[in-house]
Structures are given as C-alpha cells and as structure tokens.
Amino acid sequence: MSEAVETTSNGDAATLRQAFPVLARTVREKPLVYLDNAATTQKPQVVIDAVRRYYEEHNANVHRAAHWLADEATRQLEAARATVAQFLNANSADRIVFTRGTTESINLVANGLQAELRGGGRILLTQLEHHANIVPWQMIAERTGAQIDVVGITAAGDLDLDDFDRKLSQETRIVSVGHISNAIGTLNPVEHIVQRARSMGARTLIDGAQATVHLPIDVQALGCDYYAFSGHKAFGPTGIGALYGTAEALEALTPMQGGGEMIERVSFNGTTYNRVPYRFEAGTPNIAGAIGLGVALEFIMTLPLESLVSAEERVLRWTLAELKQMPDIRLVGEPEHRHSVISFVASQGQPDDLGTLLDQQGVAVRTGHHCAMPLMEHWALPAGTVRASFSLYNTRADAEAFVAALRKALTFL
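The following paragraphs examine the structure supplied in this document. Residue positions are counted from 1 within each chain, in the order its sequence is given. Totals for whole chains, interfaces and linings use every residue, but because this is a predicted model, local features are given only for residues with pLDDT of at least 70 and side-chain atom pairs only at 80 or more, for both listing and counting. Side-chain metrics rest on all non-hydrogen atoms present in the structure, leaving aside hydrogens and water.

**Digging into the overall build of the protein chain**
The helix count covers DSSP runs of H or I at least four residues long, the strand count covers runs of E at least two residues long, and both are numbered beginning at the N terminus. When helices and strands are tallied, the protein chain shows 16 helices and 17 strands. Only the C-alpha atoms count toward the radius of gyration. The rule for a globule is 2.2 Å times the residue count to the power 0.38. Rg of the C-alpha trace for the protein chain: 22 Å, near the compact-globule value of 22 Å for 413 residues, within the 12% margin. Judged by the C-alpha coordinates and their principal axes, the protein chain covers about 70 × 55 × 35 Å. Counting all 413 residues of the protein chain, 57% fall into the buried class. Throughout, the Shrake-Rupley method with a 1.4 Å probe supplies accessible areas, and for residues the shown protein chains are the sole cover considered. Summing over all exposed atoms, the protein chain offers an accessible surface of approximately 17,300 Å²; the carbon and sulfur share of this is 48%. Just so you know, the count uses Lys and Arg for positive and Asp and Glu for negative, and it drops His and the chain ends. Where a charge sits is defined by one atom per residue type, namely NZ (Lys), CZ (Arg), CG (Asp) or CD (Glu). Computing the positive centroid from 35 side-chain charges and the negative centroid from 46, the protein chain places the two 3 Å apart. Under the scheme applied here, a residue whose accessible area is under 20% of the maximum for its type counts as buried, over 50% as exposed, and between as partly exposed, the area being computed with a 1.4 Å probe on protein chains only.

Laid out in structure tokens, this is it:
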C-alpha cells in the first residue's frame, strides 16, 4: 500500500483530500471548491503516479510480443482487469471488458443485441436516463424496428414503479437503467428492477457511472446481465471504463468493432473471433488508463467507504437544508433516496449566469441539461439547472463556502 493511500485510513474527508493534489489549488485567488463530481472526479496522486510510471518504465503493447516490457505491460493490464472484477464482485476477470467508459459500454451492448431486438423486441428505459443510455438504443431501434418504452417518474423524481410494471412485458428484450441519476441524484431500486425484468425473461443493463464511489457494487447480488461504469467518475483516468457481463450475456453479444486483438484467426475467407472478453477489445487498448483505473479502484477499496459516504450524506443534507431556506432557490427533484447530487434553479437569472457568478468565487458547479434533456423537458426547464455534486473528499467547509457564494451570487441576479 502506498503512503498516499495509508493517509486516508481514518475515514475523514479532510484527510482524504490530501491525496488529491488539485484540491489544494486556488481559483481566481479563492480556495477551489470542487462540486462538479458527477461530471468527473479528481484523481489521487497514486493514480497520477501509476499512469506516469507506466509510460516511464513499462511502455509497450500488450499480449502480442515476447519481450520483457510487453510482458510487464500485459501483466499490469490483466492485473487491472482482475481488480475491476474484485471491485464489482464479479466471479471471474473474464467477465470484464475494458471500454472507453460507460457510453462505449452501452453502445457495445446495444449493437451486440441487434439480432435479439429484431422482429418486435421492446427496449425499456426511464425518464431519468443520461443521453448515453438513450441515444444508443434509439440508433439500434431504428436499425432493428424495436420499440422503446419509457418509465415515468413521480413528482419528487423517484421512479414510478407502477408504471414500470405496466410497461414491462414479455416483449421486453432489455431493461437499461441508471443506478443513480446524474441529474438529480435519484437512487433507483435496481435490485427490484432486475428481479422483475428477469421474471419476464428480459436482459438488464445497469448504468453505474454515478454509483461506483458512493455505493458498494456487487454484480452477483444484483443479478444483472450487464453493469457499466467509467473510470473518470471513480478517481481514475478519462477514456477508460469497464463493462461487466455474465458469461451467457457476453457470449450473446456480437462484436461492435473488428480489427487486431479481437481475433483468433483471420483469412480472406473468414474470421474466427477471440474468446470473451478479448473479442470486444479491438486494437491497442488504453493500457495506461486501465492501469490507472486498477489503482483508482484499489485506492477506493482501501477506504473506510461506509464512514466516508455517511459523512458525505451529512454534508449533502446540510446543503439541502440551507438551500430550502433560500426563497429565490427552487430545488429540482426531491427523491426519497438521493446520492451526491443537488439540482436547482433560481427565480431570477439563468443557470449559466449563476454558474459564472459561483466560478468567480472559486466554486465549480455544472449548469445546463446534464446530458438529460428529456428529464429537463419533463420539468419544462429549457435552460436546465445548476448542479452541485459531491464526492467523498467534500467537507462541510466546502458546503459552507458554496452556500455563502450562492447567497452572494443571488444578490447580483
């Protein structure tokens, strides 16, 4: 275990921050208050060091050479795959496919299931989904003639489970749903969703992009066919992620891309694909990214996650209580079970204006549709919302600085 990881063992967010060098920055002569974690999380020094060390000491292509560096790189890549499997509690590293992130993982599944979706198949999504869990299915529906059904939400922003039961049918081929909404923080009852979908013979895909830092993930307990997540939302590098699938579910997919590495034998008369998971990893993989992802997940697994998540939830609840006391602020979505995300609008001014005023005070939030335009249209919010999203390293001091900056910003609107 590295020194940087050891310093996080007391479960205190203020101590955890010391592992993330960017959090010590100042922005516009103000201490950085980083509340844009739903877009991307910051990286601990151990991850930065691991990526740099790969290029300094081990840089070589994997799987296809007999020399020393290639062997080192291959062993590190496959060790990272095993770490992802451990993190998700997958029963084998062969169940893990490296992708560029959640978006590519969902595209891989959607494209791979075209045969199953032809001839009247139905795809079940929800009103809460990120564009990455909408557009790939629309593209496949256009090619296959499949129909898309959408589960509605309650006034508070929770999934309408009665509507889910009405729209789930024996024609449903796949249910694809986010674990946690990136736009309003709703924690979906994915265990129930998976169980009901399986009873109808439908496959299930869980978009776990927002969940990996905030929840313990156990894909075997969930029973889902596929689980996708992105490294950059889990303290890892950008451009890397993973798709988990059961053995049967992965075997059911046809490869999305062809090329080197994903083949066993090629001739001009035909090609035999490599075994799972390699048949889905055409070309040279993001080796440094995969290694960095493995280190990021090892880092998370050393943390006292339960105490850190509890502390984050207290900071979130305190912030929500403060915003509710501001007459010029309206919360967007108040789900019963929420993680890490607060969305709101002001009675005066546009979200972009408010975001700019907060940035001038060193507070980083995100404004707009949050890649969830159907949800914003549902609430008639053409300009979207302001979103403050928290992670394990955010402290009460961050929340207090954000609230103070928001109060000041409102005086200019």
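**Brief notes about the pattern of salt bridges**
The salt bridge definition used is simple: a Lys or Arg side-chain nitrogen within 4 Å of an Asp or Glu carboxyl oxygen. Under the counting rule described, the total for this entry stands at 22 salt bridges. For the salt bridge of D398 with R17, the shortest nitrogen-to-oxygen distance reads 2.8 Å. Of the two residues, D398 is situated in helix α16 (residues 396-410) and R17 in the loop between α2 (13-16) and β1 (26-27); the sequence distance between them amounts to 381 residues. Here D398 and R17 have matching classes, each one buried. By sharing partners, the salt bridges in this structure join D36, R366 and R387 into a single network.

**As for the side chain of T102**
Here T102 shows up in helix α5 (residues 102-112). For T102, a relative accessible area of 4% gives the class buried. Looking at T102, its side chain comes within polar contact range of the side chain of S230, at 2.7 Å. Between two residues, a contact is recorded if the distance between any of their heavy atoms is within 4.5 Å. For T102, the residues in contact, after removing those within four places along its chain, are D207, A209, A228, F229 and S230. What qualifies as a polar contact is a pair of N or O atoms within 3.5 Å, subject to a donor-acceptor requirement within protein and to the restriction that residues adjacent in sequence count only when both atoms come from side chains.

**Examining the environment of T271**
Within the secondary structure, T271 is located in strand β12 (residues 270-273). T271 gets classed as partly exposed once you look at its relative accessible area, which sits at 41%. Separated by 40 residues in the primary sequence, T271 and A311 have C-alpha atoms spaced 53 Å apart. If we ignore the near neighbours within four places in the chain, the residues touching T271 are I263, R265 and V266.

**A few points about the environment of H58**
Its place among the elements puts H58 in helix α3 (residues 45-58). As a C-alpha pair, H58 and V135 span 77 residues in sequence and 38 Å in three-dimensional space.

**Digging into the environment of G259**
The residue G259 is located in the loop between α11 (247-251) and β11 (263-267) in this model. Between the alpha carbons of G259 and L320 there is a distance of 50 Å; along the sequence they are 61 residues apart.

**Thoughts on the sheet that holds strand β6 (residues 147-151)**
Pairing between strands requires that DSSP locate at least two bridges from one strand to the other. Spatial strand order, β4-β10-β9-β8-β7-β5-β6: seven strands in an open sheet with mixed pairing. Each edge of the open sheet is held by one strand with a lone partner, namely β4 (96-99) and β6. Strand after strand, the sheet turns through a mean of 20° between neighbouring axes, direction not considered. Pairing of strand β9 (residues 226-230) with strand β10 (residues 241-245) involves five bridges; the strand directions are antiparallel. Its bridge partner being in β10, A228 is matched across the sheet by L243. Axis angles are defined between N-to-C directions and span 0 to 180 degrees, where every axis is a line fitted to C-alpha atoms and, for a helix, only to the segment in contact. Where helix α4 (residues 68-88) meets the sheet, it contacts β4, β9 and β10, and its direction lies at approximately 115° from that of β4. Those strands touched by helix α7 (residues 135-144) are β5 (122-126), β6, β7 (172-178) and β8 (203-207), and its axis lies near 150° from that of β6.

**Description of the pairing of β9**
Burial analysis of β9 places five of its five residues in the buried class, which makes it a mostly covered element. Residues Y226, A228 and S230 point to one face of β9 and Y227 and F229 to the other, with burial holding for every one of them. Across three bridges, β8 lies against β9 in parallel orientation. Counted as the bridge partner of I206 is Y227 from β9.

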